[in-house]
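One-letter residues, chain by chain:
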Amino acid sequence: MGNWIINHGLTALILVVWMGINIFLFVYFYFFYDLGDQFIYTRHILGSALAWARAPAAVLNFNCLLILLPVCRNLLSLIRGSFMCCGRTMRKQLDKNISFHKLVAYMIGLMTAVHTIAHLLNVEWYYNSFRGEYDALSNALSALEDGENTTYLNPIRSNSTTPTHLVFTTLAGITGVIITLSLILIITSSMEVIRRSYFEVFWYTHHLFVVFFIGLVIHGAGRIVRSQTTTSPPHNTSFCFDKPDQWGKISECPVPQFAGGFPQTWMWVIGPMFFYLCERLLRFIRYVQKVTYRKIVIRPSKVLELQLVKSGFKMDVGQYVFLNCPAISPLEWHPFTMTSAPEEDFFSVHIRSAGDWTEKLISIVEQLPEGAEGPKMGVDGPFGTASEDVFDYEVSMLVGAGIGVTPFASILKSIWYKFKESNPKLRTRKIYFYWLCRETHAFEWFADLLQVLEAEMEERGMGNFLTYNLYLTGWDKSHATHAMVHFDEDTDIVTGLKQKCHYGRPNWDKEFEQVRKENPSSVVGTFLCGPAVLGKTLEKKCVKFSDVDPRKTKFYFNKENF
């Protein structure tokens, strides 16, 4: 339990607070509408469906307030910078912004379903009440005269108005349909299988959030749910409840009047909408800033390296940028971790062919005449990630899978520059680096950097500073035979490094035990840029091998999230 608290305690606390607020809002507004005196007559027609419609609406307001904030990347980077004086545990929460965004979206989807079903029942019961299918009181409430279209209770005012007609002709009804359809498209297109295979579908449908929020703000203005207002003389509900035939005839029972509630959703979402508009404005300003190419390299493994230059651009290790190529699509932005170091006068990205957008970009570059400038590129960023904190740990474990090695290229390059300049601020004293690849070609562009680092460490007598392990997870029989023949050579046949390449996958229990044994009193930062399955494994190992004793080894898990 102690290990779990070390790695997940604050996350759990935030989730408990979030869920507690949701539960409080639901319960409070449920009883507000289920017990409030101003809704006695409304409840007589609608029953508990009134409360079941309004309580989810309150929860929806709260979560619609939150849904945009986790995707305000510049705001998160600003907060991350202001938290540098705070604990690393606090900053780690910002790296889970997409997970929280999804969690809030699930709550919005659930509450929308409850809200919609309850209101469909309400419309049906309003319709039945107007047709006289209920008791005398319901008939009287539905037949109340309408003073200037404001004092009625039942929104169905004529026999020609059916539930379907009400839904598609009233402001509340039509905006409700638009909101619901937009939300269904957004959620279904966000499924992992669609997002991975058809990113463009996910990207474009996600921008229906603009329609969703506009409809959300207008929706409440329909004032479909109405409460009793104060009259002069006052209407004594307890006395008049059973005497609808006396309404307007005796002083104790003037004709009751009703009014819709003041729209409140806009007050919940105006702040986040303002922040998001500022976010988009800043992105546009960055988009129009000129980006020039310093170098373009296409590797045999279908990896495109772009070295770019942009005026005023400043980065930190492990950060990422969003790239836009108008020649492919003026609206699509894709995240790529930078592989350059902050000490360099350019920034670089390595792009693997993994989808329509990347394939089109690589195709455009391949067709360029020799020496020609690359296609126009828009750059938004840089943005902070978990890897920024790597130098806050004395010991770090860096785990990359395939192209997921990119943030660690930036880190290792920066370390090389710091050693070269004898930077006294370098706190890190030991790095364990693991790289898992399916193909031998994937090692080619990064092996050069490791060779330079290997030589640099040996020259400075710091051969133990960097321990790296490369794992080839896919090979054929001929390759295995070739490796066996050249087993006794000083350098690896795949990478050319002195450290030989391993075949298969790491034994993480053995690796974590070794790190703990070599660093018996250190805080070890474990960083991953790779698949979620591997993330779950490493997260469990961090919990398993952390010691509750503050004087002994502790592992903190950090994962890149885009």
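So, here is what we can say about the structure in this document. Treat the numbers as computed from the prediction; the structure is a model and nothing was measured. Sequence order sets the numbering: in each chain, residues are counted from 1 along the sequence as written. Given that the model is predicted, a residue must reach a pLDDT of at least 70 before its local features are reported, and side-chain atom pairs must reach 80 or more before they are shown or counted; all residues, however, enter totals for whole chains, interfaces and linings. Each side-chain value is derived from all of the structure's non-hydrogen atoms; neither hydrogens nor water enter the calculation.

### Remarks on the packing of helix α12 (residues 209-219) against helix α14 (residues 265-288)
Right, on to step 1. Interhelical geometry of α12 versus α14 gives an angle of 150° and a closest axis separation of 10 Å. Here α14 runs roughly antiparallel to α12, going by the angle between their axes. In this structure, the crossing between α12 and α14 has a hand that is left-handed. Taking contact as the criterion, the partners of Phe-209, Phe-213, Leu-216 and Val-217 in α12 are, on α14, Thr-265, Trp-266, Val-269, Met-273 and Tyr-276.
Right, on to step 2. The residue classification treats Ala, Val, Leu, Ile, Met, Phe, Trp, Tyr, Cys and Pro as nonpolar and Asp, Glu, Lys and Arg as charged. All others, Gly included, are polar. Tallied by class, residues from the contact of α12 with α14 come to eight nonpolar, one polar and no charged. For helices, the fitted line uses only the C-alpha atoms of the stretch in contact; every axis is such a line through C-alpha atoms, and the angle between N-to-C directions lies from 0 to 180 degrees. Secondary structure elements follow DSSP: runs of H or I of four or more residues count as helices, runs of E of two or more count as strands, with numbering from the N terminus. Roughly parallel covers angles under 35 degrees, roughly antiparallel covers those over 145, roughly perpendicular covers 65 to 115, and oblique covers all other angles. Should the near helix be turned anticlockwise from the far one by less than a right angle, the crossing is termed left-handed; should it be turned clockwise, right-handed. Note on definitions: a residue-residue contact is assigned when non-hydrogen atoms from the two residues lie within 4.5 Å.

### What to know about the layout of surface pockets
Right, on to step 1. Method remark: on a 1 Å grid restricted to protein atoms, a set of points is classed as a cavity if a 1.4 Å probe fits but cannot get out and as a pocket if it is open with protein on both sides within 12 Å along at least five of seven lines; lining residues have an atom within 4 Å of a point. Grid points are joined across faces, edges and corners, and a volume is the space filled by probe spheres set on the points. Approximately 1,100 Å³ is the volume found for the second largest pocket.
Right, on to step 2. Along its surface, the second largest pocket is lined by 44 residues, and Arg-54, His-115, His-119, His-219 and Ile-224 are the ones closest to its centre.
Right, on to step 3. At the level of elements, α1 (2-35), α3 (49-67), α6 (97-130), α8 (163-169), α9 (171-189), α12 and α14 are the ones that each hand at least two residues to the lining of the second largest pocket.
Right, on to step 4. Looking at side-chain class alone, the lining of the second largest pocket contains 25 nonpolar, 17 polar and two charged residues.

### Notes on the pairing of strand β4 (residues 303-310)
Right, on to step 1. The classification of residues rests on relative accessible area computed with a 1.4 Å probe and restricted to protein chains. Under 20% of the type maximum is buried, over 50% is exposed, and intermediate values are partly exposed. Taking burial as the measure, the eight residues of β4 include seven buried ones, the bulk of the element.
Right, on to step 2. Where strand β3 (residues 291-298) lies against β4, seven bridges are found, and the strand directions are antiparallel. Looking across to β4, one finds that Ile-298 is bridged to Leu-304.
Right, on to step 3. Paired strands, as defined in this entry, are two strands with at least two bridges between them according to DSSP. Direction of pairing for β4 relative to strand β7 (residues 347-352): antiparallel, over a ladder of six bridges. Along β7, the bridge assignment pairs Gln-307 with Ser-348.

Purely spatial values, then, with no claim about function.
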